[in-house]
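Secondary and tertiary structure notes
Listed here are the chains, written in short residue letters.
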Amino acid sequence: MKRMKWIAIILAAALLAGCAPTITVTNQTTFPVRAIVTSKGTRNVLSPSPGESSIAEVSEGPYRVTVIPDAEWIEYAKLTRKVLNDQLANADKLTGPQLLDVIARLKDIAQRMAQYEQAAGTSNSCGGNITEENGGALVGISQDAVGALVVSCR
């Protein structure tokens, strides 16, 4: 009987822990970002990939989300561009389709790097209040017409 009581207590605690409010951060840019979520003295750093979401558990009350471009990504992009340029320098060793693929990948990485560089040095934030009724928040990350980061909390 005591064992059943403890199992019931553990299950109840697990259910309560799983019901914590959450903030879902969706990255709608073409490059990774860092989202710093602060709530009641806690801090979570999320790294949603382009087109993906990350979730942080928070406490009820006020919260703030600050977003910056992920500096590690630009280093990866520069290395990728170097590798592709090296392949292009030896184009005589590539087939026609391979050469077209390298050129397409170079154009894509150049476009994404330009978007990153427009957002570099910018940060943006938003905030709100988590209540028992709303149970959480949705945060969207995008870029405006001039490339600055835009963060919207709902």
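Each value, and the rule that gives it
- Residues numbered from 1 in each chain as written.
- Predicted model: local features only at pLDDT ≥ 70, side-chain atom pairs only at ≥ 80, totals over all residues.
- Heavy atoms only, no water.
- Helix = DSSP H or I, 4+ residues; strand = E, 2+ residues; numbered from the N terminus.
- Expected span 1.5 Å × (residues − 1).
- Contact = heavy atoms within 4.5 Å.
- Polar contact = N/O pair within 3.5 Å; in protein donor to acceptor, adjacent residues only side chain to side chain.
- Buried < 20%, exposed > 50% of the residue type's maximum accessible area, 1.4 Å probe, protein only.
- Pairing = 2+ DSSP bridges.
- Phe/Tyr/Trp six-rings, centres within 6.5 Å; stacked < 30°, edge-to-face > 60°.

Observations concerning helix α2 (residues 71–89)
- In a regular helix each residue adds 1.5 Å, so 19 residues correspond to 27 Å; α2 covers 28 Å between its end C-alpha atoms and thus fits that length.
- Among the structural elements, α3 (96–119) are those in contact with the buried residues of α2.
- The N-capping residue of α2, defined by a side-chain oxygen 3.0 Å from the backbone nitrogen of Glu72, is Asp70.

Let's talk about the pairing of strand β4 (residues 53–57)
- With burial as the criterion, only one face of β4 is covered, namely that bearing Ser54 and Ala56; the residues Ser53, Ile55 and Glu57 on the opposite face remain uncovered.
- Pairing of strand β1 (residues 22–27) with β4 involves five bridges; the strand directions are antiparallel. Along β4, the bridge assignment pairs Ile23 with Ala56.

So, the packing of aromatic side chains
- Going through the model one piece at a time under the given rule, you end up with three aromatic pairs.
- Between Phe31 and Tyr116, the ring centres sit 5.5 Å apart and the planes meet at 80°, which makes this aromatic pair edge-to-face. Of this pair, Phe31 sits in the loop between β1 and β2 (33–39) while Tyr116 sits in helix α3, and the two are 85 residues apart along the sequence. Grouping residues by exposure puts Phe31 and Tyr116 together as buried.
- When the centroid spacing of 5.6 Å and the interplanar angle of 40° are considered together, the rings of Trp73 and Tyr116 count as tilted.

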